[in-house]
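Here's the letter readout for the chains.
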Amino acid sequence: MSRSAHPAGPRHADVLPEGHYSAPAADLNVLDPKVWSHTVSRGADGVVSVGGIDVKKLAEEFGTPGYFLDEADFRERARAWRTAFGHDADVFYAGKAFLSRAVVRWLHEEGLNLDVCSGGELATALSAGMPADRIAFHGNNKSEEEIRTAIEAGVGRIVLDSFQEIVRVAHIAQSLGKRQRAQIRVTVGVEAHTHEFIATAHEDQKFGIGLADGQAAEAVRRALALDGLELVGIHSHIGSQIFDMAGFEVAARRVVKLLAEVRDEHGVELPEIDLGGGLGIAYTSEDDPREPHEIAKALSEIVTRECEAAKLRTPRISVEPGRAIVGPTAFTLYEVGTIKPLDGLRTYVSVDGGMSDNIRTALYDAEYSVALVSRASDAEPMLVRVVGKHCESGDIVVKDAFLPADLGPGDLIAVPATGAYCRSMASNYNHALRPPVVAVHDGEARVIVRRETEEDILRLDVG
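Structural notes, computed from the coordinates. All values derive from a computational prediction rather than experimental measurement. (Residues numbered from 1 in each chain as written. Predicted model: local features only at pLDDT ≥ 70, side-chain atom pairs only at ≥ 80, totals over all residues. Heavy atoms only, no water.)

**Overview of the overall build of the protein**
Stage number 1. When you go through the protein residue by residue, the secondary structure sums to 12 helices and 24 strands.
Stage number 2. Rg of the C-alpha trace for the protein: 23 Å, near the compact-globule value of 23 Å for 463 residues, within the 12% margin.
Stage number 3. When the backbone C-alpha atoms are referred to their principal axes, the protein occupies close to 70 × 50 × 45 Å.
Stage number 4. Buried residues in the protein amount to 54% of all 463 residues.
Stage number 5. Carbon and sulfur atoms make up 49% of the accessible area of the protein, which amounts to about 20400 Å² in all.
Stage number 6. Here the protein holds 49 positive side-chain charges and 70 negative ones, and the gap between their average locations is 4 Å. (Helix = DSSP H or I, 4+ residues; strand = E, 2+ residues; numbered from the N terminus. Rg over C-alpha atoms; globule rule 2.2 N^0.38 Å. Buried < 20%, exposed > 50% of the residue type's maximum accessible area, 1.4 Å probe, protein only. Areas by Shrake-Rupley, 256 points an atom, 1.4 Å probe, with all protein chains shown as cover. Lys, Arg positive; Asp, Glu negative; His and termini not counted. Charge placed at Lys NZ, Arg CZ, Asp CG, Glu CD.)

Put into structure tokens, the structure is as follows:
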């Protein structure tokens, strides 16, 4: 994330400095439970299974590449977040990470709310039976049609992202004879990623209304003056893949200061504060994410302490985990095709997918793990780069990892922790067919998002 992007994408065959990658695991057959979903295991025959079904059977029935989602793991993680925050707080699943009607139903059953940020996500949520009052609508440029649809449906909150949107939402709500519950998204000058955060000079972004220059306070004034709005709180989101809670502490302090200013100026104590999402997961064994109960305890203590200092009633907290729930629950299964050793560098392992099903490595320089899953192997480890089949040198799935040296065409390999953003950001680059999402649970597997076909692509091409 910190390096400058090459204009043609990640450069092909960069020579890595010594020590850039970690040493291979002592046993490549061992699956680190931090990066795999809870029902994944390697059987006595060496074949990996999920939800009681081995990957060879899954590949035979559903093909590769494919996303295989551990339903029991998803539900367990959703419950853990719901339990950690209790009934005095709200957990909104961030639908942008991955959304389907099956997932919406699971969320509803497990007691979570849902964030959407487009008309398509809203339609998916409503069609699957999520109560509208448990939906929050995000976005920096919501269309009038999207706003109207959301208000008519009765969404529980709209997160206002600009001065123009404050007026736009209020006007549409009033024209419909409604008063829309809303929060104002503020930019608090904190940017957090992984273990680092910077507390100043990060208001230069497309989201939110600036806090430091008094714009957020002005947004509150305008929202409170409009009959079409019921302003219920302040929203803040500081980054992604966050492990360190220090950034949340700074953000909460600044948001609570705004709440105190609102009370002093308007005599109103806003009842809600949303601290956003961005909580990290383990993509590799080196990542060390925090558990939901730890996050809940830390956020509650931060907000309570700051409110007590400001002599404010503690508002109702909400958070928005997306990746933290769905990310670890799925892996992408590939079949190995071409293997190309480069002496003195690494071995290139080409698979039947690539950047069309996982753009994150090319886009964010993201790191992933990978394992041989169709059999066990005692061969020596070899340094590999897992790449896709697309006409792009930046078509990299896993930059550097170790796989057994006897890896061959036809073997199945899997990349864990691909539940978040991979299917959501999938494309038809090179007219690739987007893979299916298959939910696996207690020995049964079912497609929840089907694989695209050539007929799907041709049907959209009206000539």
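**Topic: the sheet that holds strand β1 (residues 41-42)**
Stage number 1. Spatial strand order, β1-β2-β3: three strands in an open sheet with antiparallel pairing. Unpaired on one side and paired on the other, β1 and β3 (53-54) mark the two borders of the sheet.
Stage number 2. Taken together, the two bridges between strand β2 (residues 48-50) and β3 define a ladder with antiparallel strand orientation. Within β3, the position partnered with Ser 49 by the bridge is Asp 54. (Pairing = 2+ DSSP bridges.)

**Some details on empty space enclosed by the protein**
Stage number 1. The full count for this structure, using the stated rule, is two cavities of 30 Å³ or more.
Stage number 2. Considering only enclosed or pocket space, the largest cavity measures out at about 50 Å³ in volume.
Stage number 3. If you go around the largest cavity, the residues you meet are Tyr 67, Phe 68, Leu 69, Phe 98, Ala 330, Thr 418, Gly 419, Arg 423 and Val 437.
Stage number 4. Tallying contributions element by element places strand β4 (residues 66-70) first for the lining of the largest cavity, with three residues.
Stage number 5. A per-class count over the lining of the largest cavity returns six nonpolar, two polar and one charged.
Stage number 6. Volume-wise, the second largest cavity comes out at about 40 Å³.
Stage number 7. In terms of lining, the second largest cavity is formed by Ile 242, Phe 243, Met 245, Leu 279, Gly 280, Pro 289, Arg 290 and Ile 295. (1 Å grid on protein atoms, 1.4 Å probe; cavity = no way out; pocket = protein on both sides within 12 Å on 5 of 7 lines; lining within 4 Å. Points joined across faces, edges and corners; volume = space filled by probe spheres on them. Nonpolar A, V, L, I, M, F, W, Y, C, P; charged D, E, K, R; others polar.)

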